[in-house]
Amino acid sequence: MARVRISESERTGTTGGATRHSRAPGGEPRSGVLSQQKSIGFRSGSMDGLLAAKEIVVACGPGGVGKTTTAAAAAVMAAVRHGSKVLVLTVDPAKRLADALGLAGIGNTEHRVPDEAFASAGLKPRGQLWAAMLDTKESWDALIHRHAPDRRTRDEILANPLYQNISGRFVQSHDYIAMERLYEIHSESDYDLIVVDTPPTRNALDFLDAPQRMADFFSSRLLRWLIVPYRSRLVNAATKPFYSVADRILGTDFLADISEFFILFQSMYDGFVERSEAVGRLLSDRRTTFAVISTLEAVPLREAEFFAEQLKGRKLHLGAIVLNKVLPDYLHSPEGGVVAETMRDRAESISNELAPVLASIDPDLAAPDQIERVLIEVAESFLNFQVVAVREMEERATLSVAPDVLASVPFFDTDIYDLGGLFRLGEQFWT
Amino acid sequence: MTERAASTVAPLLDLKLVFVTGKGGVGKTTVASALALFASTQGRRVLVCEVDAKGDVAGFYEAPPTSFKEKEILPSLFAMTMDTEASLREYLKLQMRIPVVGRIGPLAKAFDFVATAAPGVREILTVGKLCYEVRERNYDLVVVDAPASGHIIGQLAAPQAINDLVKVGLIRSQTDWMLDILSDPRTTGLVAVCTPEEMPVNETIQLASRLGEETTVSLAAVVVNRVLPELFGRQEEEVFHCIGGPAPMAQLQELVGGDAGPVLEAARLAVTMRRTRATHLDRLRHGIDDTVPMLYLPYLFTRSHGLRTTRQVASSIGEELGY
């Protein structure tokens, strides 16, 4: 895509985040039709309205609930139904999903999903769908390129063994870099809507704290404290015990490595802190909303609920809760339960009476004991699933948070991995 | 696959240290809790350690919250929660004879800092504590409710990474014995939990190959959780389709005295779900070395979770292990 030029202050984030009022020059404005629709208002309380009103949707929630798929489906819907230019920024999509979005081997670069791909799924998008994947290492390197004061510092950092370890392996670095990338794309491009999938974290909240933690880290007194002896060799009485312990545990060389790394990093201190603060502001901006994804299983749902409460506590906008893989409604029906019990308890007599009817269709299928086994299996399977469906319904009823949109997506009995599938899924939570 | 797996897989309960991992949402904690419970009922003295600190393990035993100091919550079953700072304190006290009491304040601050600055420090303290329990033979088996598969490699590779980064010093000398424990397939193993779904299967296959490439820990077993029951054989399925036709259906409704539509629909759902999952199971079997045992645990159609469910899973594990 064509990159737009931006000012240096915007690049470092000093005027970014909440203070960015207009789109970058060169960006397309929202279509007239859309603005009109907005003024008459979308149905409130629908995903349709939420995605039309916001610029950033952060999809978050516990692991294994279908976050990535839901984020992709929301982006597909917005691209197809609204005349918007939509980006889905995804972290670790299933291979088939990545293929469907044309992401295979693309990495960090934003990439437009071609209209032909939509056409082959029978869809004609009004807007555009773009997709990008998050490559942590590449994003970190880009960050160093951006903030390093000179080439020498830049190259030394990139070659530092600690840096390579941090950017490659350091768990929390994913959280920070995801939000950093979001900020970069939002401030430098002209998407109407960006849907972000969040990385799997030990704790669903980690990525929220990441920008602040990063800022704290680089402004930490301890950081300076640690660096001092390697700059001046002056160790005062207060810090001496710490060094002697640290030296004995880690070894002097390693401590020196750490210090060198942070001395280098300090040269980028201002850029980093400003930037992480701007990222933090963007997350709490009113143009940003959060969609919490969950299933109705007890453990993930409690985690999602906790997360939703935390969002509210931080005054972040909880736009939607999407409940995935919900078992179909017909499983709740008490009548169904009665029918299934009758079918199971009277299977023998029922199969005797059913046998002649089946015989008239296919004599091979008319053995009554076989019919009986089938009826019992069918009935018990229904009753089994009913237990789970009722449990899910109760879990849902106890949900203590009230988002703008509460959507359910039924259980899909096959995998979703193409644009058509994403669209079908998206239709379920659209209105 | 590397030659790592070749004929070295020890029976699960004969191991001393078992890391249980898996993609989020597949039932990792359930399996870890149930495995520990089963081992404890087989006369093993077992420690189950929660590393993720979500406090779930206690819930699976309906026990009060756990802490760093282990507690016997069921006969010969001890539980603890990992706390890296407490681990550091214990380490300093035991290994370096440093009188910690007076210095906890600045030490805690400094620790948090060094742990953030020096990658691997937090991980090494976790793995170190676990290996220490094994080395001291405090338990027959230590079961770890480990981080999800995305994070476990970093944890298990930490001793090696530290070895590469730190050339001298006390930590360096400490990582050697840890590596000995982690690398011995008769002592340490990893259990990968997965469900027969696309992403969990992908992650499990990926985990198995990364484990061999980036760590010295062996894959001891793959647990396939939430396997749906097979409703029909082939001919029974034909009978089922036939019953769904207009004439048999009309009569069936009359016989059961109500709308049988939803009941049959639910069976169709169950059949398709199982079929979709079967293809993923196939991929899993092809993607994992033949010598790694696979344990299949059934989908539980239960009302709630708790000790009762954990016991149910424990007995399924027992059956799969041939007890």
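Along every chain, residues carry numbers that run from 1 in the direction the sequence is written. Following the order in which they are written, the chains are lettered starting with A and the ligands numbered starting with 1. Per-residue local features are limited, in this predicted model, to residues with pLDDT of at least 70; the limit for side-chain atom pairs, both in listing and counting, is 80 or more; totals at the level of whole chains, interfaces and linings are taken over all residues.

## Concerning the packing of helix α18 (residues 347-361) of chain A against helix α19 (residues 368-397) of chain A
Angle between the axes and distance between the axes: these two values describe a pair of packed helices. Residues and elements named next belong to chain A. Here is the rule: Only C-alpha atoms enter the line fits that serve as axes; for helices the fit covers just the stretch in contact. Angles between N-to-C directions range over 0 to 180 degrees. Under the DSSP-based scheme used, a helix requires at least four consecutive residues in state H or I and a strand at least two consecutive residues in state E, with every element numbered from the N terminus. For this classification, under 35 degrees means roughly parallel, over 145 means roughly antiparallel, 65 to 115 means roughly perpendicular, and everything else is oblique. We call a crossing left-handed when the near helix sits turned anticlockwise from the far one by less than a right angle, and right-handed when that turn is clockwise. Note that contacts rest on C-beta atoms placed from the backbone: two residues are in contact if these are within 7 Å. Charged residues are taken to be Asp, Glu, Lys and Arg, nonpolar residues to be Ala, Val, Leu, Ile, Met, Phe, Trp, Tyr, Cys and Pro, and polar residues to be all remaining types, Gly included.
Here α18 crosses α19 at 120°, and the two axes come no closer than 8 Å. Viewed along their axes, α18 and α19 adopt a mutual orientation that is oblique. Crossing angle aside, the handedness with which α18 passes α19 is right-handed. Residues Ala347, Glu348, Ile350, Ser351, Asn352, Leu354, Ala355 and Leu358 of α18 form the contact with α19, whose participating residues are Pro368, Ile371, Glu372, Leu375 and Ile376. Taken together, the residues of the contact of α18 with α19 sort by class into 9 nonpolar, 2 polar and 2 charged.

## Let's talk about the sheet that holds strand β7 (residues 218-227) of chain B
Residues and elements named next belong to chain B. The criterion, for reference: Each pair of strands is called paired provided DSSP finds at least two bridges between the two strands.
What the 8 strands build is an open sheet, ordered β3-β4-β2-β5-β1-β6-β7-β8; its pairing is mixed. Single-partner strands in this sheet number two, and they are β3 (71-74) and β8 (294-298). Neighbour-to-neighbour, the strand axes of the sheet open up by a mean angle of 25°, direction not taken into account. Bridge analysis of strand β6 (residues 188-194) against β7 gives 6 bridges, and the strand direction is parallel. Among the inter-strand pairings, Ala192 is bridged to a residue of β7, identified as Val222.

## With respect to the confidence of the model for chain B
Which entries qualify depends on this criterion: pLDDT is a residue-level measure of predictor confidence that goes from 0 to 100.
Residues with a pLDDT of 70 or more make up 86% of chain B, whose mean pLDDT is 87. The ipTM for the predicted assembly is 0.87, set against a pTM of 0.83.

## Examining unusual backbone geometry
Residues and elements named next belong to chain B. Under the convention used in this document: Any residue surrounded by 20 or more other C-beta atoms within 10 Å of its C-beta is treated as buried, while 12 or fewer makes it exposed and the intermediate range makes it partly exposed; C-beta atoms here are placed from the backbone.
With a phi close to 50°, Glu62 is a non-glycine residue in the positive phi region. With respect to the helices and strands, the residue Glu62 is situated in the loop between α2 (56-61) and β3. Positive phi is not limited to glycine here, since Arg137 has a value of about 55°. Here Arg137 falls in the exposed class, since 9 other C-beta atoms lie within 10 Å of it.

## Overview of the pairing of strand β7 (residues 318-326) of chain A
All names here are of chain A. Our working rule: Crossover handedness is defined by viewing with both strands directed away from the observer: a clockwise path from the first strand over the helix to the second marks the crossover as right-handed.
Across the 9 residues that make up β7, a large majority, 7, are buried. Here strand β6 (residues 288-295) pairs with β7 via 6 bridges, running parallel. Bridge pairing links Ala291 to Ala320 in β7. Read as a crossover between parallel neighbours, the route from β6 over helix α16 (residues 298-313) to β7 is right-handed. Relative to strand β8 (residues 405-410), β7 is paired through 5 bridges, and the arrangement is parallel. Of the residues in β8, the one forming a bridge with Ala320 is Val405.

## Side note on the nonpolar core
One recurring pattern in soluble globular proteins: nonpolar side chains tend to sit buried together. Our working rule: For this entry, the nonpolar core is defined as buried Ala, Val, Leu, Ile, Met, Phe, Trp, Tyr and Cys residues connected by C-beta atoms within 7 Å. Note: domain ranges come from an automatic or database domain assignment.
In terms of nonpolar packing, the biggest core is built from 82 residues, with Ala74, Ala75, Val76, Val86, Val195 and Val292 of chain A touching the most fellow members. In terms of residue count, helix α4 (residues 67-81) of chain A provides more of this core than any other element does, 10 residues in total. For this core, the two domains that each supply at least three residues are domain 1 (46-136 + 278-329 + 401-430) and domain 2 (137-174 + 209-277) of chain A. Discounting chain neighbours no more than four positions away, the residues touching Ala74 of chain A are Met47, Leu51, Val57, Val195 and Gly426 of chain A. In this structure, Val31, Val144, Ala192 and Leu211 of chain B belong to the second largest nonpolar core, which totals 76 residues.

## Overview of the confidence of the model for chain A
Should pLDDT be low for a region, the predicted coordinates there are not to be read in detail. Residue and element names in this part refer to chain A. Confidence in the prediction for chain A averages 80 pLDDT; 76% of positions are at 70 or higher. The weakest mean pLDDT in chain A belongs to helix α2 (residues 32-40) at 37; the strongest belongs to helix α17 (residues 334-345) at 96. Across residues 1-43 the pLDDT falls below 50, and counting only partners more than four positions away or on other chains, this stretch makes 56 contacts in the model.

## What to know about the pairing of strand β5 (residues 141-145) of chain B
Residues and elements named next belong to chain B. Taking burial as the measure, the 5 residues of β5 include 5 buried ones, the bulk of the element. Residues Leu141, Val143 and Asp145 point to one face of β5 and Val142 and Val144 to the other, with burial holding for every one of them. Direction of pairing for strand β1 (residues 17-22) relative to β5: parallel, over a ladder of 4 bridges. Of the residues in β5, the one forming a bridge with Leu17 is Val142. By the bridge criterion, 5 bridges tie strand β2 (residues 46-50) to β5 in an arrangement that is parallel. Across the sheet, residue Leu47 finds its bridge partner in β5, namely Val142.

## Overview of the domain arrangement of chain A
All names here are of chain A. When its domains are assigned, chain A resolves into domain 1 (46-136 + 278-329 + 401-430), domain 2 (137-174 + 209-277) and domain 3 (330-397). For domain 1 and domain 3, the distance between their C-alpha centroids amounts to 37 Å. The partner domain 3 presents 9 residues to the 8 residues of domain 1 that form the contact. Breaking the side of domain 1 that touches domain 3 down by element, the ones donating at least two residues are α16 and β7. Class assignment of the residues belonging to the side of domain 1 that touches domain 3 gives a composition of 7 nonpolar, no polar and 1 charged.

## Examining α16 of chain A
All names here are of chain A. This is how it is decided: Helix span, as expected, comes to 1.5 Å for every residue beyond the first. By definition, the arc is the one covered by directions from the helix axis to the C-beta atoms.
Over its 16 residues, α16 runs 22 Å from end to end, which matches the ideal 22 Å to within 8%, given 1.5 Å per residue. Inspection of α16 places Pro300, Leu301, Glu303, Ala304, Phe307, Ala308 and Leu311 among the buried residues, and these make up the whole buried set. Buried residues in α16, looked at end-on, bunch into an arc of 160°, giving them a common side. On its buried face, α16 is in contact with β1 (56-60), β6, β7 and α19. Just beyond α16, the residue with positive phi is Lys315, at close to 60°.

## A look at the packing of α19 of chain A against helix α11 (residues 261-287) of chain B
One can describe the packing of α19 of chain A onto α11 of chain B by two numbers: an axis separation of 8 Å at closest approach and a directional angle of 85°. Of the possible angle classes, the one that applies to α19 of chain A and α11 of chain B is roughly perpendicular. Contacts from Val378, Ala379, Ser381, Phe382 and Phe385 of chain A in α19 of chain A reach Val263, Leu264, Ala266, Ala267 and Ala270 of chain B in α11 of chain B. Of the residues in the contact of α19 of chain A with α11 of chain B, the class split is 9 nonpolar, 1 polar and no charged.

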